[in-house]
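Now for the letters of each chain:
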Amino acid sequence: MPMEKLGHPPPVVQAMLLADHIHIDPGTGKRYILGTYNQLMATHFPHAVPRLCLFVALTEAHGPTMLRLRVVDMDEEMGTLVESAHPAPMYHPNDLYYFSFTLSVVFPTPGLYRIQLFADNEFLRELRLQVGLRPPAGRPLSEE
């Protein structure tokens, strides 16, 4: 009797990165991840980021999976800032599956935020993103 999907463990995250851009070469299918980062600086808040690129590599998948992304503040006091769901056709546990996601998010205040990845509502991994306040050009970082 074949094992039902519920009996399988969730996919394993091999990589999860924030980047300025993720290019997929049309000839080779290779991914080029450009400008990785873990912090953003803004001159004012709320701060809109129209293009937050996330690269994810998963393996040990056992069938179609719904991937869900969530952006929350560190303590989840502000609730979910952005959430999106993406069907992921992953059928072979020995294969490596690559995904590129683009999110648009508004950060209400400076602080630490979390970008979370779930597979079929099971938490897989999160990245932390520090969003800071940059003084306007020409002004010192601190005044004494």
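Worth saying up front: this structure is predicted, and the values here are computed from it rather than measured. (Residues numbered from 1 in each chain as written. Predicted model: local features only at pLDDT ≥ 70, side-chain atom pairs only at ≥ 80, totals over all residues. Heavy atoms only, no water.)

(A) Spotlight on the overall build of the protein. Tallying secondary structure elements over the protein gives zero helices and nine strands in all. Going from N to C terminus, the protein has its helices and strands arranged as β-β-β-β-β-β-β-β-β. Here the C-alpha coordinates of the protein stretch approximately 75 × 40 × 20 Å along the principal axes. Taking all 144 residues of the protein together, 36% fall into the buried category. Of the contacts formed within the protein by residues at least 6 apart in sequence, a portion of 68% connects residues at least 24 apart. Accessible area for the protein stands at about 8800 Å²; split by element, carbon and sulfur atoms hold 54% of it. Within the protein, one finds 11 positive and 15 negative side-chain charges whose respective centroids are separated by 5 Å. (Helix = DSSP H or I, 4+ residues; strand = E, 2+ residues; numbered from the N terminus. Buried < 20%, exposed > 50% of the residue type's maximum accessible area, 1.4 Å probe, protein only. Contact = heavy atoms within 4.5 Å. Areas by Shrake-Rupley, 256 points an atom, 1.4 Å probe, with all protein chains shown as cover. Lys, Arg positive; Asp, Glu negative; His and termini not counted. Charge placed at Lys NZ, Arg CZ, Asp CG, Glu CD.)

(B) Structural view of the packing of aromatic side chains. Following the criterion strictly, the structure yields four aromatic pairs and no others. Consider the rings of phenylalanine 55 and tyrosine 98, whose centres lie 5.9 Å apart with planes at 25°: the pair is stacked. Note that phenylalanine 55 is positioned in strand S4 (residues 47-59) and tyrosine 98 in strand S7 (residues 96-107), a separation of 43 residues in sequence. Looking at tyrosine 98, the relative accessible area reads 38%, which means it is partly exposed. A ring pair is formed by phenylalanine 99 and phenylalanine 101, whose centres lie 6.1 Å apart and whose planes are at 10°; its orientation type is stacked. Cation over ring: arginine 68 sits above phenylalanine 118, and NZ or CZ is 4.2 Å from the ring centre. (Phe/Tyr/Trp six-rings, centres within 6.5 Å; stacked < 30°, edge-to-face > 60°. Lys NZ or Arg CZ within 6 Å of the ring centre and 35° of its normal.)

(C) Region of the structure containing the side chain of threonine 59. Note that threonine 59 resides in strand S4. Here aspartate 95 takes part through its backbone oxygen, which lies 2.9 Å from a polar atom of the side chain of threonine 59. (Polar contact = N/O pair within 3.5 Å; in protein donor to acceptor, adjacent residues only side chain to side chain.)

(D) Structural context of the sheet that holds strand S1 (residues 12-24). Taking strand neighbours across the sheet as the criterion, the four strands line up as S2-S1-S4-S7 in an open arrangement whose pairing is antiparallel. Strand pairing shows two members of the sheet lacking a second neighbour, strand S2 (31-36) and S7, which therefore form its edges. Within this sheet the neighbouring strands show an average axis-to-axis angle of 45°, counted without direction. In terms of strand pairing, S1 meets S2 through five bridges, oriented antiparallel. By the bridge assignment, histidine 21 is partnered in S2 with leucine 34. (Pairing = 2+ DSSP bridges. Axes fitted to C-alpha atoms, helices over the stretch in contact; angles between N-to-C directions.)

As far as function goes, none of this settles anything; it's purely spatial.
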